[in-house]
Amino acid sequence: MFILFLFVSLISSINATSIVSRSQSYPLSQPAAHGPTTQLTISNKVISPDGFHRSAIVVNGESPGHLITGKKGDTFNIEVVNQLSEKSMLLLTGVHWHGIDQYKTNYYDGASGITQCPITPNHSFTYSFSAQNQAGTFWYHSHHSVQYASITRGWHCDGLRGPLIIYDPEDPSAHMYDVDDASTVITLADWYHTVAHKLLHTIPIADSVLINGLGRYAGGPQSDLAVINVTRGKRYRFRLIQMSCEANIKFSIDGHNLTIIEADGELTEPLVVDQLQILAGQRYSVVLEANQSVDNYRIRGIPNMNQTYNGSAILRYHGAPKAEPTTLDTPSTKPLNETDLHALNSPGAVGTPGYGNADVNITLKVSFTDTDNKFHFHVNETEFKAPENPVLSQILEGTDPSQLQPKGSVHVLEPNKVVELTMIMINAPGGPHPMHLHGHPFDVVQSAGNSTFNYVNPVRRDVVGVGCENGAGVECKDNEKQVVIRWVTNNSGPWSLHCHIDFHIDEGFAVVMAESPQDTPAHVSPVPNEWERLCPIYEAYKRTHPDEI
């Protein structure tokens, strides 16, 4: 059984000095029935989050999908039911639980072509995993962005995405806030009036930015905006989740500072900012003190593309009129700089300090070509193309690690080694590129646009920007066009490392880190029977529905 995540409608009266708002918000409290055991039914539905009607992919009838919650140490049991039928979009699916390490459960990572075969229409698959020692802000989204037949049918850009929060009853930062519930989860997402697959091999420009699933577009109606309700004198932990397909977004709230306490599920030392640039896939927890006069304040989500209509929502103090804000967007004086973020727990990069002093040192060079009006990204001169047989299946079948497919895109790593990975943008337009590693957080010892290294107290996270703003890496200064990260290979299995701009994944911007494949069968044992049935079902579907792959 599942319970649909309800929005509360706020019908407002006319105010002489403001535009009337018929906006919605998450409820002030949320029953725990959305997790850790729940069901996600994936289907198609016409929605109009910014006032423009289009068919989309929804979760239990909603986009974004309902909030899934749990507590630190919980086991999640989430059944994903595929009821997709709209052939202009994705018909196959798989769900990735972004930021969850999937320790010993690589088969539940949800990456089609790497850790599983996709879920076919009219079938279901239950993801059952423990977050072990993890707590923080996560999310879920489709991860069937592979090219089995050189045709891509859809992404989470079409709507399959939702928040996942794991609460820590002993949160060491709890003294900094009073409220942390469903009402303080804030999702950000770009939105396209065109289905995603038609935007492949183009420079996609979103029509709008949605905040908690609502927004407006240029020339469109004054459609509903999301409302976040606060009470003066209280402190709120806002959990910001950037679910965009492409856009990076600058987030701020008029008249308020924000104190960052978490990045991508990892606690940070408190850092006060007034604006955060958040890349696709990244998450932050920020504390807002409701210390201003009772009024309505604009929440802003400004995308990197000028042609995209800005995201807008309302911070409404208790007692304020139900009207849109008249507050002004003032220039930022304290914007987030990633190098100012520092891990709160166990600070310090793993391994011996110093560039090149890790057990394994890897350099990945990213380049780009435009051939016959098709875009191609290459990592070390290889364009990623997902294999017919998932990498995990190949490993469990005993394939020699040196022969794992796709050739040139699988990097085999030995167990319990400190890896230092340097990624360099040689010629890769569209930066900054949000690079996400499955299976691990990592220490960012060199951030994009910065020439210094920090092995003492770098930020720890799972998505990092690579490349310069609005341009190719060659436009960066020579000593600033690379990013360096470190992690330990203590989670055997194949893990995707990819750009989180969905179009770029399908254009080849990905590799696989295969950690100690010789140990994977024992590490993930026992493999669920349900998982083993996914590929035979998919193969049968390909034979009977060749035009839908």
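Some remarks on the overall build of the protein
Okay, step 1: Across its full length, the protein carries 4 helices and 32 strands.
Okay, step 2: Here the protein, with 549 residues, has 62% of them falling under the buried criterion.
Okay, step 3: The contacts in the protein between residues at least 6 apart in sequence include a share of 77% that link residues at least 24 apart.
Okay, step 4: By element, 49% of the accessible surface of the protein is carried by carbon and sulfur atoms, the whole surface being about 20100 Å².

So, the sheet that holds strand 20 (residues 296-303)
Okay, step 1: Pairing in this open sheet of 5 strands is mixed, and the strands run 13-21-20-15-18 from one edge to the other. Because the sheet does not close on itself, it has two edges, and the strands there are strand 13 (227-230) and strand 18 (276-278). Direction aside, the axes of adjacent strands within the sheet are offset by 25 degrees on average.
Okay, step 2: In this sheet, strand 21 (residues 311-317) lies alongside strand 20 in antiparallel orientation, the contact comprising 6 bridges. What sits directly across from Arg300, in strand 21, is Ser312.

Details of the sheet that holds strand 11 (residues 185-191)
Okay, step 1: Pairing within the open sheet is mixed, and its 6 strands lie in the order 12-11-14-19-16-17. The sheet is open, and its two edges are formed by strand 12 (208-211) and strand 17 (266-273), each paired on a single side. Taken pair by pair, the neighbouring strands of this sheet meet at an average axis angle of 25 degrees, ignoring direction.
Okay, step 2: Note that strand 16 (residues 258-263) and strand 17 share 5 bridges and pair antiparallel.

Overview of the confidence of the model for the protein
Okay, step 1: With 90% of its residues at a pLDDT of at least 70, the protein reaches an overall mean of 90.
Okay, step 2: Under a pLDDT of 50 for its full length, residues 1-33 has, in the predicted model, 90 contacts with residues more than four places off or in other chains.
Okay, step 3: Segment residues 470-474: pLDDT under 50, and 16 contacts once partners within four positions in sequence are set aside and those in other chains are kept.

Some points on the pairing of strand 29 (residues 463-466)
Okay, step 1: With burial as the criterion, each face of strand 29 is covered, one bearing Val463 and Gly465 and the other bearing Val464 and Val466.
Okay, step 2: Summarising the sheet, strand 26 (residues 433-437) and strand 29 pair through 4 bridges and their orientation is antiparallel. Paired with His436 across the strands is Val463, a residue of strand 29.

Some thoughts on the nonpolar core
One recurring pattern in soluble globular proteins is that nonpolar side chains are buried together.
Okay, step 1: Of all hydrophobic cores here, the largest spans 69 residues; its most connected members are Phe238, Phe251, Leu276, Leu315 and Met423.
Okay, step 2: If we skip the residues at most four places from it in the chain, Phe238 touches Thr184, Ile186, Ile228, Val230, Ile253, Tyr284, Ser285, Val286, Leu288 and Leu315.
Okay, step 3: Membership of the second largest hydrophobic core comes to 39 residues, among which are Ile42, Ile57, Leu164 and Ile166.

Comments concerning the packing of aromatic side chains
Okay, step 1: A complete count under the given rule lists 17 aromatic pairs for this structure.
Okay, step 2: When the ring of Tyr192 is compared with that of Phe503, the centres are 6.1 Å apart and the planes differ by 80 degrees; the resulting orientation is edge-to-face. Of this pair, Tyr192 sits in the loop between strand 11 and strand 12 while Phe503 sits in helix 2 (residues 502-506), and the two are 311 residues apart along the sequence.
Okay, step 3: Here a set of aromatic residues connected by ring pairs shows up, and it is made of Phe76, Trp97, Tyr107, Tyr108, Phe125, Tyr127, Phe129 and Tyr140.

Points about the pattern of salt bridges
Okay, step 1: Counting across every chain of the model gives 20 salt bridges.
Okay, step 2: Glu420 is paired through a salt bridge with Arg486; the nearest N and O atoms lie 2.7 Å apart. Taken together, the residues Glu420 in strand 25 (residues 418-425) and Arg486 in strand 30 (residues 482-488) connect sequence positions 66 residues apart.
Okay, step 3: Of the residues examined, Glu420 reaches a relative accessible area of 1% and is grouped as buried.
Okay, step 4: Each of the salt bridges in this network shares a partner with another, and the network as a whole consists of Asp171, Asp180, Arg237, Arg239 and Glu262.

Cut-off values and rules
- Every chain is numbered on its own, with residues counted from 1 as its sequence reads.
- Where local features are concerned, this predicted model is filtered to residues with pLDDT of at least 70; where side-chain atom pairs are given and counted, the filter is 80 or more; whole-chain, interface and lining totals use all residues.
- Excluded from the side-chain calculation are hydrogens and water; included are all heavy atoms of the structure.
- Helix numbering and strand numbering both begin at the N terminus, where a helix is a DSSP run of H or I of at least 4 residues and a strand a DSSP run of E of at least 2.
- Using a 1.4 Å probe on the protein chains alone, a residue whose accessible area is under 20% of its type maximum counts as buried, one over 50% counts as exposed, and one in between counts as partly exposed.
- Whether two residues touch is decided by their heavy atoms; if any such pair falls within 4.5 Å, the residues are in contact.
- Here the open area of atoms and residues is found with the Shrake-Rupley method and a 1.4 Å probe, where only the protein chains shown may cover a residue.
- DSSP-based pairing: two strands are paired if at least 2 bridges between them are found.
- Simply put, an axis is a line fit to the C-alpha atoms, just over the touching stretch for a helix, and the angle between two N-to-C directions goes from 0 to 180 degrees.
- Predictor confidence is given residue by residue as pLDDT, running from a minimum of 0 to a maximum of 100.
- We define a nonpolar core as any set of buried Ala, Val, Leu, Ile, Met, Phe, Trp, Tyr and Cys residues linked to one another through side-chain atoms lying within 4.5 Å.
- Pairing of aromatic side chains requires ring centres within 6.5 Å, counting the rings of Phe and Tyr and the six-membered ring of Trp. Pairs whose planes differ by under 30 degrees are stacked, by over 60 edge-to-face, and all others tilted.
- A pairing counts as a salt bridge when a side-chain nitrogen of Lys or Arg comes within 4 Å of a carboxyl oxygen of Asp or Glu.

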